[in-house]
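# Summary of structural features
Now for the letters of each chain:
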Amino acid sequence: MSRPSWDEYFMEIASLVARRSTCLRRQVGAVLVKDRNILATGYNGTPSGIRHCDETGCLRELQQVPSGQRHELCRGLHAEQNAIIQAAKHGINISGSTLYCTNSPCVICSKMLINAGIRIIFYRQGYPDSLSRLMLEEAGVRALQCNFPKHGSGE
């Protein structure tokens with residue numbers, strides 16, 4: 001059995017976090033890490049105390065909104081947003097940290113990550129948002145797609 005690298009380890013944790021997602025369209029997990037310590041995690045879903053989309057239905061699906069468009073029509077928060085909020089709620093400084101996320105961030109999340117001081121983003125799958133990539137690049141945030149296999153998945 002080979003021991004995973006730190007990057008593989010944190011990406012695998014992001015995949016596990018994604019399993020808590022309540023989104024009907026896409027399950028995303030995020031982990032904020034600094035100095036090999038997990039600072040906060042987040043998954044996409046509705047705010048605390050709000051009914052999940054499996055009860056109310058997906059507004060974006062009902063209106064046939066393509067992926068990456070009209071984010072304001074969603075009842076949920078993105079995984080990256082929830083990780084930032086969790087850190088803020090608990091008074092954790094995330095400036096200078098690394099984000100491990102199962103998907104690359106949308107432009108809204110990218111703007112938040114830039115202002116939060118995230119320096120590196122590792123993601124597994126791309127997202128149809130070229131403005132996000134351009135803004136991250138301009139801000140000097142490294143966004144790296146990684147193809148680490150999911151542990152035990154046979155990939």
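See the structure above.
This structure is a prediction, so every number in the text was calculated from the model and none was measured. (Residues numbered from 1 in each chain as written. Predicted model: local features only at pLDDT ≥ 70, side-chain atom pairs only at ≥ 80, totals over all residues. Heavy atoms only, no water.)

## Quick look at the state of the cysteines
Any covalent bond linking the sulfur atoms of two cysteines counts as a disulfide. For clarity, the cut-off: By convention in this document, the label disulfide applies to cysteine sulfur atom pairs within 2.5 Å.
Enumeration over the complete set of coordinates arrives at zero disulfides. No disulfide involves Cys74; its sulfur sits 5.6 Å from that of Cys53, the nearest cysteine.

## Concerning the pairing of strand S1 (residues 29-34)
The test is simple: Categorising residues by exposure relies on relative accessible area from a 1.4 Å probe, with only protein chains included: less than 20% of the type maximum marks a residue as buried, more than 50% marks it as exposed, and the intermediate range marks it as partly exposed. Numbered from the N terminus, helices here are DSSP runs of H or I no shorter than four residues, and strands are runs of E no shorter than two. Here the rule is simple: two strands pair whenever DSSP picks up at least two bridges between them.
In terms of burial, S1 is a largely internal element, five of the six residues being buried. Direction of pairing for S1 relative to strand S2 (residues 37-43): antiparallel, over a ladder of six bridges. Paired with Val33 across the bridge in S2 is Ile38. In this sheet, strand S3 (residues 98-103) lies alongside S1 in antiparallel orientation, the contact comprising four bridges. If you follow Val33 over to S3, its bridge partner there is Thr98.

## Thoughts on the packing of helix H4 (residues 79-89) against helix H5 (residues 107-116)
Counted only if it meets this: Angles run from 0 to 180 degrees between N-to-C directions of axes, and those axes are lines fitted to C-alpha atoms, restricted for helices to the stretch in contact. Put simply, angles under 35 degrees are roughly parallel, angles over 145 are roughly antiparallel, angles from 65 to 115 are roughly perpendicular, and the rest are oblique. Crossings are assigned a handedness: left-handed for a near helix turned anticlockwise from the far helix by less than a right angle, right-handed for a clockwise turn. Throughout, a contact is declared for two residues whenever any of their heavy atoms are within 4.5 Å. Classes in brief: Ala, Val, Leu, Ile, Met, Phe, Trp, Tyr, Cys and Pro nonpolar; Asp, Glu, Lys and Arg charged; the others, Gly included, polar.
Relative to each other, H4 and H5 sit at 30°, their axes nearing to 9 Å. Taken together, H4 and H5 sit at an angle that is classed as roughly parallel. By crossing handedness, the relation of H4 to H5 is classed as left-handed. For the pair H4 and H5, contact is made by Glu80, Gln81 and Ile84 and by Ile108, Cys109, Met112 and Leu113, respectively. Counted by class, the contact of H4 with H5 contains five nonpolar, one polar and one charged residues.

## A look at H4
Taken together, the buried positions of H4 are occupied by Ala79, Glu80, Gln81, Asn82, Ala83, Ile84 and Ala87. Taken from the residues just after H4, Gly91 is the one with a positive phi, measuring 70°.

## What about the packing of aromatic side chains?
Operational definition: Pairing of aromatic rings covers Phe, Tyr and Trp, the last counted by its six-membered ring, and requires centre-to-centre distances within 6.5 Å; plane angles under 30 degrees mean stacked, over 60 mean edge-to-face, and any other angle means tilted.
According to the stated counting rule, one finds five aromatic pairs in the structure shown. Relative to Tyr9, the ring of Trp6 lies with its centre 5.7 Å away and its plane at 85°, an arrangement referred to as edge-to-face. Of this pair, Trp6 and Tyr9 both sit in helix H1 (residues 6-18), separated by three residues, roughly a single helical turn. Trp6 sits in the partly exposed class, given a relative accessible area of 40%. Ring centres of Tyr9 and Phe10 lie 5.1 Å apart, and the angle between their planes is 65°; on these two criteria the pair is classed as edge-to-face. Looking at Phe10, the relative accessible area reads 2%, which means it is buried. Clustering of aromatic rings is evident, with ring pairs tying together Trp6, Tyr9, Phe10, Tyr100 and Phe122.

## Quick notes on unusual backbone geometry
One non-glycine residue with positive phi stands out, namely Asp35, at about 55°. Summarising the element assignment, Asp35 is placed in the loop between S1 and S2. The class of Asp35 is exposed, set by a relative accessible area of 66%.

## Structural notes on the side chain of Ser110
Along the chain, Ser110 falls in helix H5. Setting aside anything within four residues of it in sequence, one finds Ser110 in contact with Pro105, Ser132 and Leu136.

Nothing here speaks to function; it is geometry throughout.
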